[in-house]
Amino acid sequence: MYVKDGVKYFVVDGHTHFWDASPANWVPGQEEYAKGWIECFHAYQSLGPAQTHWPIEKFQKYSEEQMMTDLFDEGHVDVAIFQPTDLRQWYTTGFNTTETNGELAERHPGKFVVNTNWDPRDGDDGLKALEERARRWGCKGVKLYTAEWKGDSRGWSLKSPEAARYLEKCQELGIKNVHVHKGPTIWPLDKDAFDVSDVDHAATNFPELNFVVEHVGLPRIEDFCFMATQEPNVYAGLSVVVGGLMHARPRFFAKVMGELLFWLGEDRLVFGADYAIWEPRWQVEGFVDWQMPDGEEFSDYGKLSVTAKKKILGLNAAKLYDLKVPPECDVDAPEVEPVGVPAS
Amino acid sequence: MTSVTRTPDQAAAVLAAVWSALGTVLDPELDEPLTHLGFVSHCLVTEDGEVRVRLRLPTYFCAPNFAYLMVADSYDAVSAVPGVRSVSVKLEDHFAASVINDGVARRSGFVGSFPGEAVNELDDLRADFLRRAVLAGTDRVCRAMITAGVDRFTLTDLTLGDAPEGADRERLRSRRRELGLPSGDSDPLVLDPATGEAVTDIRTHLGLARLTRVSQEANSGVCRGMLLGRYGVKEER
């Protein structure tokens, strides 16, 4: 819980990882990609405040203690949602897997939500394995990485019939939150990972599932916003938006937030710190202190209320994942006067 | 491509011309010149007219289709400069660098450079980005007019010639011309960039134009920040 000016915020970090990208875990022959991937992530960290930058060795592999400290002791996070990314083509035991995340979560009851993932290219075996993981870890969400490499394939689409089978399986297993990575990295060649049209397709066909577009489709939020206005079950995952823009590019952060609020509204925005790319502490504190700037340039956008901040930082995600919110953190809670300040 | 430069002065003049040619090459997504973005890390002209250009991008995984466009466009722009005898353009520190560099040098096209992996040449992609550039440019021009007191609901009655003169208007005109859209002074100020037809719902159109510009500028901000983090240098001017 984060308390500022007497207001209590229930913080759900909607996007976190426990990864191993150390050289010992690089697949022989794939070192270039394994190294390039983690260095690319590391470059993103440079968009946060200088005092939060890590050396590459620490960034490649960090300890469980480090993570617990950064998220819960110092980062104000109440519950964090694991979003796995396997990348087994490049990392021998996987980059950030359901199993690794799940084992860590079991050692810290109540702190984590364990999501899993699937890949429609895995066919029937993949469906079976998904069911096993979902039951083993009690998964209510999945993280999908449509740009993941597998053999000669450089990715897949949510529009495919194979993907539809997996989405049906999700419904059957009670997995209702589908996080889709649509963000700034790659889908090589002329296939385009930034294209959110496959989410549009799936969201229409599966109205009972929620689709959280991670990184809001950056670098093309215009496609995302237009799609999201038409699909009520589409949400904006704010990782990268807060971590990548709030500190490094505050003017654009304001405009991007303005657009997201303009097109989607405050009930469909979900905070995520994207640890260990960025630590949650400066993001949570910065976001609570943040306000839409004044001036002509921002005149199309509304100001952000405390209620909206509470929803975005935790309550929206809590609703998606049925997390119990302390009554004093809810939006209906009466606002408490700061300690030592008498009520007028 | 036939004349040979003979003196350091002439080489310097060619270098200046090469640099300004590179200034016409855009990152298709950001709609900004490579030279402004800091993507040209190295540009050398020898006394006998050989040009060597090196490009760098904000991440190892920048999409190879955009990277290919930038390398190929740089090659074409520099090749057209008088006094240039031969051109080599090398993309560095990118996972597909060697394939792209070889493909451009051999004039293989995008499909020829990635046999079995790429299906289409990049014309559609380029046109898509140009349409986005038209939308973002519409916000730049129209926002300034609205701020100056023009009623937004009258914008559909105005022509490109009614917009204030300046770089924003000319940039918009140029992107429209590249798409084959009407771009003369007497043509409509706002039009649908996909169809070229008149805009009926100006509110939504302006909202989309604003959103597209915000997206483009936010991406540009991320790319500049990443480049700074990766190479520790600010963009060159």
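Model, not experiment: these values are computed from the prediction.

Conventions adopted
Residues numbered from 1 in each chain as written. Chains lettered and ligands numbered in written order. Predicted model: local features only at pLDDT ≥ 70, side-chain atom pairs only at ≥ 80, totals over all residues. Heavy atoms only, no water. Helix = DSSP H or I, 4+ residues; strand = E, 2+ residues; numbered from the N terminus. Rg over C-alpha atoms; globule rule 2.2 N^0.38 Å. Buried < 20%, exposed > 50% of the residue type's maximum accessible area, 1.4 Å probe, protein only. Pairing = 2+ DSSP bridges. Axes fitted to C-alpha atoms, helices over the stretch in contact; angles between N-to-C directions. Contact = heavy atoms within 4.5 Å. UniProt positions renumbered as here; feature names shortened; annotations may be inferred. Core = buried A, V, L, I, M, F, W, Y, C linked by side-chain atoms within 4.5 Å. Domains from an automatic or database assignment. Polar contact = N/O pair within 3.5 Å; in protein donor to acceptor, adjacent residues only side chain to side chain. Buried area = accessible area lost by both parts, 1.4 Å probe. Salt bridge = Lys/Arg side-chain N within 4 Å of Asp/Glu carboxyl O.

Points about the overall build of chain A
Now for step 1: Counting secondary structure elements, chain A contains 12 helices and 10 strands.
Now for step 2: Relative to the globule expectation of 20 Å for 344 residues, the C-alpha radius of gyration of chain A, 20 Å, shows essentially globular dimensions.
Now for step 3: With respect to the three principal axes, the spread of C-alpha positions in chain A is 65 × 45 × 40 Å.
Now for step 4: The burial tally for chain A puts 61% of its 344 residues in the buried class.

Points about the sheet that holds strand E3 (residues 40-45) of chain B
Residue and element names in this part refer to chain B.
Now for step 1: Here three strands make up an open sheet; going across it, the order is E3-E4-E5 and the pairing mixed. A strand with exactly one partner marks an edge of an open sheet, and here the two such strands are E3 and strand E5 (86-91). Within this sheet the neighbouring strands show an average axis-to-axis angle of 10°, counted without direction.
Now for step 2: Of the strand pairs in this sheet, E3 and strand E4 (residues 50-55) are connected by five bridges, and their pairing is antiparallel. Pairing of Cys 43 across the sheet is with Val 53, part of E4.
Now for step 3: Where helix H1 (residues 8-22) meets the sheet, its contacts fall on E3 and E4, and the angle it forms with E3 comes to roughly 145°.

A look at the UniProt feature "domain: MIP18 family-like" (unreviewed entry) in chain B
Now for step 1: As recorded in UniProt, the feature "domain: MIP18 family-like" (unreviewed entry) lies at residues 16-89 of chain B.
Now for step 2: For residues 16-89 of chain B, the helix share is 36%, the strand share is 27%, and the end-to-end C-alpha distance is 17 Å.

Describing the nonpolar core
Now for step 1: Counting 158 residues, the largest nonpolar core has Trp 118, Phe 211 and Phe 224 of chain A as its most contacted members.
Now for step 2: Per element, the largest residue contribution to this core is 10 residues, and it comes from helix H3 (residues 64-79) of chain B.
Now for step 3: Both of domain 1 (8-113) and domain 2 (122-218) of chain B provide at least three residues apiece to this core.
Now for step 4: Dropping the residues within four chain positions of it, Phe 224 of chain A is found in contact with Val 196, Val 213, Val 216, Val 234, Tyr 235, Ala 236, Leu 260 and Leu 264 of chain A.
Now for step 5: Membership of the second largest hydrophobic core comes to 15 residues, among which are Phe 10, Val 12, Ala 318 and Leu 320 of chain A.

Quick notes on the environment of Asn 177 of chain A
Residues and elements named next belong to chain A.
Now for step 1: In this fold, Asn 177 is placed in strand E7 (residues 177-181).
Now for step 2: Through-space distance from the C-alpha of Asn 177 to that of Asn 205 is 14 Å; in sequence the pair is 28 residues apart.
Now for step 3: Beyond its immediate stretch of four places on either side in the chain, Asn 177 contacts Lys 140, Gly 141, Val 142, Asn 210, Leu 320 and Tyr 321.
Now for step 4: In this structure the side chain of Asn 177 is engaged in a polar contact, spanning 3.0 Å, whose partner is the backbone oxygen of Leu 320.

Side note on the interface of chain A and chain B
Often, the extent of an interface is quoted as the loss of accessible area upon association of its parts.
Now for step 1: Taken together, the 39 residues of chain A in the interface contact 38 residues of chain B.
Now for step 2: In total, about 3,400 Å² of surface goes out of reach between chain A and chain B, with carbon and sulfur atoms giving 63% of it.
Now for step 3: Remark: the boundary between chain A and chain B carries six salt bridges.
Now for step 4: Glu 222 of chain A is the salt-bridge partner of Arg 132 of chain B, the closest N and O atoms lying 2.9 Å from each other.
Now for step 5: Of all elements in the fold, only helix H1 (31-45), helix H8 (221-230) and helix H10 (250-263) of chain A reach the threshold of two or more residues within the side of chain A that touches chain B.

Re the environment of Tyr 235 of chain A
Residues and elements named next belong to chain A.
Now for step 1: Structurally, Tyr 235 can be placed in strand E9 (residues 234-237).
Now for step 2: A residue is classified by how much of its surface remains accessible, and Tyr 235, at 15% relative accessible area, is buried.
Now for step 3: Separated by 228 residues in the primary sequence, Tyr 235 and Val 7 place their C-alpha atoms 25 Å from one another.
Now for step 4: With residues near it in sequence (within four places) discarded, Tyr 235 still touches Asn 210, Phe 211, Val 212, Val 213, Phe 224, Asp 267, Arg 268, Val 270 and Leu 320.

As for the sheet that holds strand E4 (residues 79-82) of chain A
Residues and elements named next belong to chain A.
Now for step 1: Taking strand neighbours across the sheet as the criterion, the three strands line up as E3-E4-E5 in an open arrangement whose pairing is parallel. Each edge of the sheet is formed by a strand with only one pairing partner; in this case those strands are strand E3 (12-16) and strand E5 (112-114). Neighbouring strand axes in the sheet, compared pairwise and without regard to direction, differ in orientation by 20° on average.
Now for step 2: Note: E4 against E5, three bridges, orientation parallel. Within E5, the position partnered with Phe 82 by the bridge is Val 114.

A closer look at the pattern of salt bridges
Now for step 1: Per the counting criterion, the structure on display carries 45 salt bridges over all chains.
Now for step 2: Here Asp 76 of chain B and Arg 107 of chain B are joined by a salt bridge, their closest N and O atoms 2.7 Å apart. Remark: Arg 107 of chain B occurs in the loop between helix H4 (97-105) and helix H5 (109-113) and Asp 76 of chain B occurs in helix H3; sequence separation between them is 31 residues.
Now for step 3: Arg 213 of chain B is paired through a salt bridge with Asp 139 of chain B; the nearest N and O atoms lie 2.9 Å apart. Pair noted here: Arg 213 of chain B is in helix H8 (residues 202-231) and Asp 139 of chain B is in helix H6 (residues 123-147), with a separation of 74 residues, a long-range link.
Now for step 4: One salt-bridge network, in which partners are shared between bridges, spans Glu 259 and Asp 300 of chain A together with Asp 139, Arg 140, Arg 143, Arg 210, Arg 213 and Glu 217 of chain B.

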